[in-house]
Amino acid sequence: MPISAADSATAARLLLDHRRRGVALPALPEACRPQSAEDGYAIQQALVALRIQEERARPIGWKIGATNPAAREMLGVVEPFFGVLLSTLTSDAPARFVASEMFQRIVEPEIALEIDIDLDPADAPFDADAIRRAVRTVLPAIEIVDTPLAGGITAGGPSLIADDGSHGRWVKGAPVADWQGLDLIEQRVTLTVDGALLREGRGGNVEGGPLAATAWLANALAARGRGLRAGDFVSTGTTTQPIPASAGQTLVADFGPIGRIEVSFD
């Protein structure tokens, strides 16, 4: 049986209140704990609505998680999942954050896309070529994965989906308009911490590459009667193994011709 609207609202309130207070939540109570991805999305929708109402947040796009088989196995999900990017959680690079205001601070360098045209759900299914024609710019980004759920990424797919895909912060760099000649799959990405190289990856760490991941998102939204819109940003999934950041560290993600991003934790 799908989760009720009342239980979705209860779960959303608990997640938001614990995040605001900086107090870990061992788990959502059994009575309102999501049992499926669809339960998770119902809670996510209620959570985003709360943030729009109470924080004057504005949806600016989407994040995609679990975009490769290893991540899906670790999280116990059978397909990627999405969350909503919000204006109040978005910063331009370089960005500084207070480490103690977050729980896990897991840094993921991601290639992001800016959508140029509305994608009508009625036109689904979409593929990577359709997304290529719909993209205005490409930009470097860092997602900071963070959740008040005490188990972190081991909390289970439905609960992570409920917490807006365990989305903490999103940092974006300058957009690249002349991107069509770039190979987004083979693009090398490095992540340094205080000047030391700790992670290397490529756009293809996202299964099928950023365009294919965005096609998955467009189809997943279309199945729910929703669509990507002109001006939406899509953060397409981590290009390297994620890394937990500590207080006092500065991390730099370098995407070559796409740009670089610096994030510091005070």
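Everything below is about the structure printed above this text.
The following paragraphs examine the structure supplied in this document. (Residues numbered from 1 in each chain as written. Predicted model: local features only at pLDDT ≥ 70, side-chain atom pairs only at ≥ 80, totals over all residues. Heavy atoms only, no water.)

### Focus on unusual backbone geometry
That bond from Ala-93 to Pro-94 is cis: its omega, -5°, falls within 30 degrees of zero. By the element assignment, Pro-94 lies in the loop between strand 3 (90–92) and strand 4 (95–97). A cis geometry characterises the amide bond from Ala-124 onward to Pro-125, with omega recorded as 10°. We note that Ala-66 has phi near 55°; this positive angle belongs to a residue other than glycine. As for its placement among the helices and strands, Ala-66 is situated in the loop between strand 1 (59–65) and helix 3 (69–75). Classification of Ala-66 by relative accessible area gives buried; the value is 9%. Even without glycine at this site, Arg-105 takes up a positive phi of about 60°. As for its placement among the helices and strands, Arg-105 is situated in the loop between strand 4 and strand 5 (106–115). (Helix = DSSP H or I, 4+ residues; strand = E, 2+ residues; numbered from the N terminus. Buried < 20%, exposed > 50% of the residue type's maximum accessible area, 1.4 Å probe, protein only.)

### Considering helix 6 (residues 210–222)
Given 3.6 residues to a turn, an α-helix orients residues that are three or four positions apart in the same direction. The terminal C-alpha atoms of helix 6, which comprises 13 residues, lie 18 Å apart, in line with the 18 Å expected from a rise of 1.5 Å per residue. For helix 6, the buried fraction is high: eleven of the 13 residues fall into the buried class. Within the span of helix 6, buried status applies to Pro-210, Leu-211, Ala-213, Thr-214, Ala-215, Trp-216, Leu-217, Ala-218, Ala-220, Leu-221 and Ala-222. (Expected span 1.5 Å × (residues − 1).)

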